[in-house]
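Understanding the architecture of this molecule
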Amino acid sequence: MPTTADQTTLHVPQGPALGDAPSRPRPHTGRRARRGKRLLNRSTPYLFLLPALAFMGVGLLYPVCRSVWLSFQDWKLGMAPESAVFSGWENYLSLLRDPNVYTSTGVTLTFAFTVVVLEVLLGVALALLLERPIRGMSLFRTVFILPMMVAPVVVGLIWRFMYSEQFGILNKIAKAVGIGGVPWLSSQEMALTSVIIADVWQWTPFIFILAMAALQSLPASAIEAARVDGANTWQTIWHVKLPLMMPVIIIATLLRLIDAFKVLEVIYIMTDGGPGLSTEILSLHIYKTAFVSQQLGRASALSNLLLLIVLALSVALFVFSKARERQARKVAM
Amino acid sequence: MRIQKALTSVALGAAVSLLALTTALASPYDKYKGTTLVVNFPAHPHYDAVAKVLPDFTKETGIKVEVDKLQYMRMHDKQVLEMSKPQGDYDLISYVIMWKTEYVAKNLLSPLAPFFVNAALADPDYDPEDILKAYIEPVGIVGGKKGYLTGVTGALYGVPFGSETSVLGYRKDIFAKHNLKVPETYDEMMDLVCKFKDLEPGMSGLTSRGAAGHQVGHAWLLHLNPLGGTVFDDHWKPVYDSPEGIKAAQYLKKILDCGPEGGTAFGFDEMKNAFLQGKAAMYLDSVSVAGEAENPEKSKIVGKIGWAPHPKGKVKASQTGGFGIAIPANSKNKEAAFLLLQWLTSKATDKKIALAGGSPSRMSTYLDPELQKKFPYYPMFAEAFKAAAYDWRPLIAEWGELNAPTLGVALSEAMTGKKTIEQAFADIKPRVVEIMTKAGYYSWSK
């Protein structure tokens, strides 16, 4: 983040540089030697960074480069790597021709934006609600965090059983109340909603925790000042607490958004993309292209497209939050 | 002196013959004692029965077996990854029939002939002719006619194990109560499917798979074959959207609409459970359910089930499918794996597995008087194999791409009413042609 980067550059000259020579005179040090020493001093931090950079290069850059390379190849899973054939832009072009890719992109966008909006609204609201000291609140807090701790595959199975129209608890309740059976996972219209409900259930706690942490670290003086000025609870929340929490909320939203674009296990278990393509999010489509259709090149091309979408979103959100920050600073001055 | 000589020669002779006898009697398994085989089996009723019998193999042979059990549609990814390594962890795999051609095309399986010609390994009493033709031909042979049927260019790569054909299961009690005739034709069956909702509250007609992908595709094929349709014609031109194909989809839609709730999300397990839990009056799918259906722990309809052949449409054509077992080309213990394969599919084990609730692969098991007494439906099942369609679906290497992500999506969209059947079929035509063109099916046509 630039803010921390600024701080670092500020701090570095203050502290003694690594390997700095003591200030007593050294008669035999020539100009060249001094220059060499200065160079060494300057490069020392980079030298220390080298292992980390190498690690990042291998662990992060290599897969990305490999996936870009693979996206220009025609290679089937299970075939010898030598059998890969360079195919130019064909993988990308065939994706653009495939209507299922557009459907899948639409499903992904709908899913990601809906869950993130719902989770942020609910998470922040819950945090504001549970901030006040009520008896047994710590128990509540623990309970609210539980869904996040459950493994995604288990979450998928739990919800799949609950949604079962034959034996599931939800339809038993619905029938007892008189609503009648709901086709949770078996209709095109409901399936995506059902999947969204499960995701909101699992990930609202994430926003809740971060919002809670932000709330607890708010300067008491600001809230005190608002109260002295006669602001009621609602006004305090709207004009003081929320604006102050904004940086945290934006980061949390960004993290959730990126995650929501990559969600796989829960949907894989619950619907496997069906009925039709109604819940086939891009990551599942990529998985199927790679492992069911076995076209590794095409799957790589698709995952690169997903990477671009997520990257564009992250940059947009980042720029937006920067602009907000600048605006806030201007207002403060 | 002479007596002494004679005695010596007798003793010598006895020693030699004893030596010969012990060599002959040495078990073919001895060489592999202590070996641990890793096998990949599906979570499936047949393999649940196998698990009960498997310890006997270790007891008899000293070869240990470690089972990696997976949901059956998930085995494919893991097997491909495992078998394309220079040396894999699996010594024996269970594969679904539709993967056989792909695996062979990628050189992932060992042909079985080298083991059957090895006298030290091949059991002379194995009797391969006894294995059901309707199983071994579609499940085990690759490289013959069309690439996936029997023919002089074909070879054996797997042996059926948990293979299946389709039969009609029905609730004897409900049919008797309402004086209904067990359907013998498609017209009769389709006439019945929507009647049960009114006759028996809380009960539906025919349970069916319907989940997007492989499952709904399988359900459609069940009806396509008897109605006389195919996916491709003899020149690989796609004809799944022929009038027969559309009729099969219309039938399936009616079956799902009148079937148990949530059918369009049913895989094999949900479909089966709806019948076993008494939510559907009829079942039309694999014979593999028969064992479980009479097990009170898993079924609420014990003693209430009748079995009948797959109804006739234009033709009689029941399903051929299910599982086979094969030896990966990169297995470290191929010979021991063959011994396990042979043991599992032998006459004696086939009977044992049948007694434990599995599906037999041999005619001798179906004709066994002891078993027929225990499973009265065996003679009917044995008869059902005569109507099995060997070319039930195009088992080409590209079937994986055509099946779940293409046909399976179109059918799911049609079944859930998102598109009309005709529209859904038309929308995937370019993709089907693209897959077939890329694989080279049209490069020989002039």
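Residues numbered from 1 in each chain as written. Chains lettered and ligands numbered in written order. Predicted model: local features only at pLDDT ≥ 70, side-chain atom pairs only at ≥ 80, totals over all residues. Heavy atoms only, no water.

Some details on the state of the cysteines
All names here are of chain B. According to the stated counting rule, one finds one disulfide over all chains in the structure shown. Covalent S-S linkage joins Cys 194 and Cys 258, the inter-sulfur distance amounting to 1.8 Å. Here the disulfide of Cys 194 and Cys 258 is right-handed, its torsion about the S-S bond being about 85°. With Cys 194 in the loop between α8 (186-192) and α9 (196-199) and Cys 258 in the loop between α11 (243-257) and α12 (268-276), this pair connects stretches of sequence that are 64 residues apart. By relative accessible area, Cys 258 is classed as buried at 13%. (Disulfide = S-S within 2.5 Å. Helix = DSSP H or I, 4+ residues; strand = E, 2+ residues; numbered from the N terminus. Buried < 20%, exposed > 50% of the residue type's maximum accessible area, 1.4 Å probe, protein only.)

Some details on the domain arrangement of chain B
By convention, interface size is frequently given as the accessible area that disappears when the constituent parts associate. Residue and element names in this part refer to chain B. When the domains of chain B are assigned, the result is domain 1 (30-164 + 321-375) and domain 2 (166-319 + 396-439). Measuring from the centre of the C-alpha atoms in domain 1 to the corresponding centre in domain 2 gives 27 Å. Domain 1 puts 17 residues into the contact, and the matching count from domain 2 is 18 residues. Across the domain 1-domain 2 interface, the total number found is two salt bridges. A salt bridge links Asp 234 to Lys 146; its shortest N-O distance comes to 3.9 Å. Those elements that provide at least two residues to the side of domain 1 that touches domain 2 are α2 (45-61), α4 (100-105) and β11 (321-326). Ranked by residue count, the leading element in the side of domain 1 that touches domain 2 is α4, at three residues. The residue inventory of the side of domain 1 that touches domain 2, partitioned by class, reads seven nonpolar, six polar and four charged. (Domains from an automatic or database assignment. Contact = heavy atoms within 4.5 Å. Salt bridge = Lys/Arg side-chain N within 4 Å of Asp/Glu carboxyl O. Nonpolar A, V, L, I, M, F, W, Y, C, P; charged D, E, K, R; others polar.)

Section: the side chain of His 310 of chain B
All names here are of chain B. On the secondary structure map, His 310 appears in the loop between β10 (305-309) and β11. A polar contact is formed between the side chain of His 310 and the side chain of Tyr 186, at a distance of 3.0 Å. Looking at His 310, its side chain comes within polar contact range of the main-chain oxygen of Leu 222, at 3.4 Å. When neighbours within four sequence positions are excluded, His 310 is seen to be in contact with Ser 166, Val 167, Leu 168, Tyr 186, Leu 222, Pro 226, Leu 284 and Ser 318. (Polar contact = N/O pair within 3.5 Å; in protein donor to acceptor, adjacent residues only side chain to side chain.)

Concerning helix α10 (residues 233-262) of chain A
Here α10 of chain A is 30 residues long, yet its end C-alpha atoms lie only 38 Å apart, well below the 44 Å a rise of 1.5 Å per residue gives. Along its length, α10 of chain A reaches its greatest deviation from straightness, about 50°, at Met 246 of chain A, and the proline Pro 247 of chain A lies no more than four positions downstream. (Expected span 1.5 Å × (residues − 1). Bend = angle between axes of the 7 residues up to and from the residue.)

Description of the packing of aromatic side chains
Residues and elements named next belong to chain B. Counted according to the given criterion, the structure contains 42 aromatic pairs over all chains. With 5.9 Å between their ring centres and 45° between their planes, Phe 375 and Tyr 377 make a pair best called tilted. With relative accessibility at 10%, the residue Tyr 377 sits in the buried group. One aromatic cluster is present, formed by Tyr 135, Phe 275, Tyr 283, Trp 307, Tyr 366, Phe 375, Tyr 377, Tyr 378, Phe 381 and Phe 385 through successive ring pairs. (Phe/Tyr/Trp six-rings, centres within 6.5 Å; stacked < 30°, edge-to-face > 60°.)

Some words on the sheet that holds β10 of chain B
Residues and elements named next belong to chain B. Spatially, four strands are ordered β8-β9-β7-β10 in an open sheet, and the strand pairing comes out mixed. Two strands close off the open sheet at either side, each with one partner strand: β8 (204-207) and β10. Each strand axis lies, on average, 20° off the axis of its neighbour in the sheet, ignoring direction. On the sheet, α12 packs against β7 (166-171), β8, β9 (280-286) and β10 and is oriented at approximately 140° with respect to β9. (Pairing = 2+ DSSP bridges. Axes fitted to C-alpha atoms, helices over the stretch in contact; angles between N-to-C directions.)

Side note on the interface of chain A and chain B
If you look at the interface, chain A gives 29 residues, while chain B gives 33 residues. Summed over both partners, the interface of chain A with chain B comes to about 2,700 Å²; 48% of that surface belongs to carbon and sulfur atoms. For the pair chain A and chain B, the number of links is five salt bridges. Viewed at the interface, chain B and chain A are joined by 17 residue pairs in polar contact (both at pLDDT 80 or more). Elements supplying a minimum of two residues to the side of chain A that touches chain B: α3 (90-97) and α12 (282-291) of chain A. Across the side of chain A that touches chain B, the residue classes break down as ten nonpolar, twelve polar and seven charged. (Buried area = accessible area lost by both parts, 1.4 Å probe.)

Quick word on unusual backbone geometry
A cis amide bond, omega -10°, links Gly 274 of chain A with the succeeding residue Pro 275 of chain A. Within the secondary structure layout, Pro 275 of chain A lies in the loop between α11 (265-270) and α12. You will see that Asn 107 of chain B, though not glycine, has its phi angle at about 60°, which is positive. Even without being glycine, Lys 146 of chain B reaches a positive phi, approximately 55°. Tracing the sequence through the fold places Lys 146 of chain B in the loop between β4 (141-142) and β5 (155-156). The partly exposed category is assigned to Lys 146 of chain B, whose relative accessible area is 34%.

Thoughts on the environment of Asn 304 of chain A
Residues and elements named next belong to chain A. Along the chain, the position of Asn 304 falls in helix α13 (residues 296-332). What makes Asn 304 buried here is its relative accessible area of 11%. Separated by 199 residues in sequence, Asn 304 and Thr 105 have C-alpha atoms that sit 13 Å apart. Residues within four places of Asn 304 in sequence aside, it is in contact with Ser 67, Val 68, Ser 71 and Tyr 92.

What about the sheet that holds strand β2 (residues 64-70) of chain B?
What links the strands of a sheet is backbone hydrogen bonding, and the strands pair in either a parallel or an antiparallel sense. Residues and elements named next belong to chain B. With mixed pairing, the five strands of this open sheet are ordered in space as β2-β1-β3-β11-β6. Edge positions in the sheet fall to β2 and β6 (159-164), since each has one partner strand and no second. Mean inter-strand twist for the sheet, computed between neighbouring axes without regard to direction, equals 20°. Judged from the four bridges that link them, β6 and β11 form a sheet pairing that is antiparallel. Bridging across to β11, Pro 160 finds its partner in Gly 324. Relative to the sheet, α2 contacts β1 (36-42), β2, β3 (92-96), β6 and β11, its axis offset from that of β2 by approximately 165°. Across the sheet, helix α6 (residues 133-140) lies against β3, β6 and β11, angled at about 110° from β6, the strand it touches most.

Details of the domain arrangement of chain A
The assigned domain composition of chain A is domain 1 (31-63) and domain 2 (90-332). Its C-alpha centre places domain 1 of chain A at a distance of 40 Å from the equivalent point of domain 2 of chain A.

Description of the packing of helix α19 (residues 399-415) of chain B against helix α20 (residues 421-439) of chain B
All names here are of chain B. Closest axis-to-axis distance for the α19/α20 pair is 8 Å, and the angle between their directions is 165°. The pairing of α19 with α20 is recorded here as roughly antiparallel in orientation. The way α19 lies across α20 gives a crossing that is right-handed. Between α19 and α20, the residues in contact are Glu 401, Leu 402, Thr 406, Leu 407, Ala 410, Leu 411 and Ala 414 and Ile 421, Ala 424, Phe 425, Ile 428, Arg 431, Val 432, Ile 435 and Met 436, respectively. Its residues assigned to classes, the contact of α19 with α20 comprises twelve nonpolar, one polar and two charged. (Parallel < 35°, antiparallel > 145°, perpendicular 65-115°, else oblique. Left-handed = near helix turned anticlockwise from the far one by under 90°.)

Describing the pattern of salt bridges
Side chains carrying opposite charge are able to pair once their charged atoms draw close together. Summed over the entire model, instances satisfying the criterion amount to 44 salt bridges over all chains. For the salt bridge of Arg 431 of chain B with Glu 401 of chain B, the shortest nitrogen-to-oxygen distance reads 3.8 Å. Taken together, the residues span a long stretch of sequence, with Arg 431 of chain B in helix α20 and Glu 401 of chain B in helix α19 at a distance of 30 residues. Across the pair, Glu 401 of chain B and Arg 431 of chain B agree in class, each one buried. Shared partners join several salt bridges into a network, and the residues in it are Lys 76, Glu 90 and Arg 97 of chain A together with Glu 401, Arg 431 and Glu 434 of chain B.

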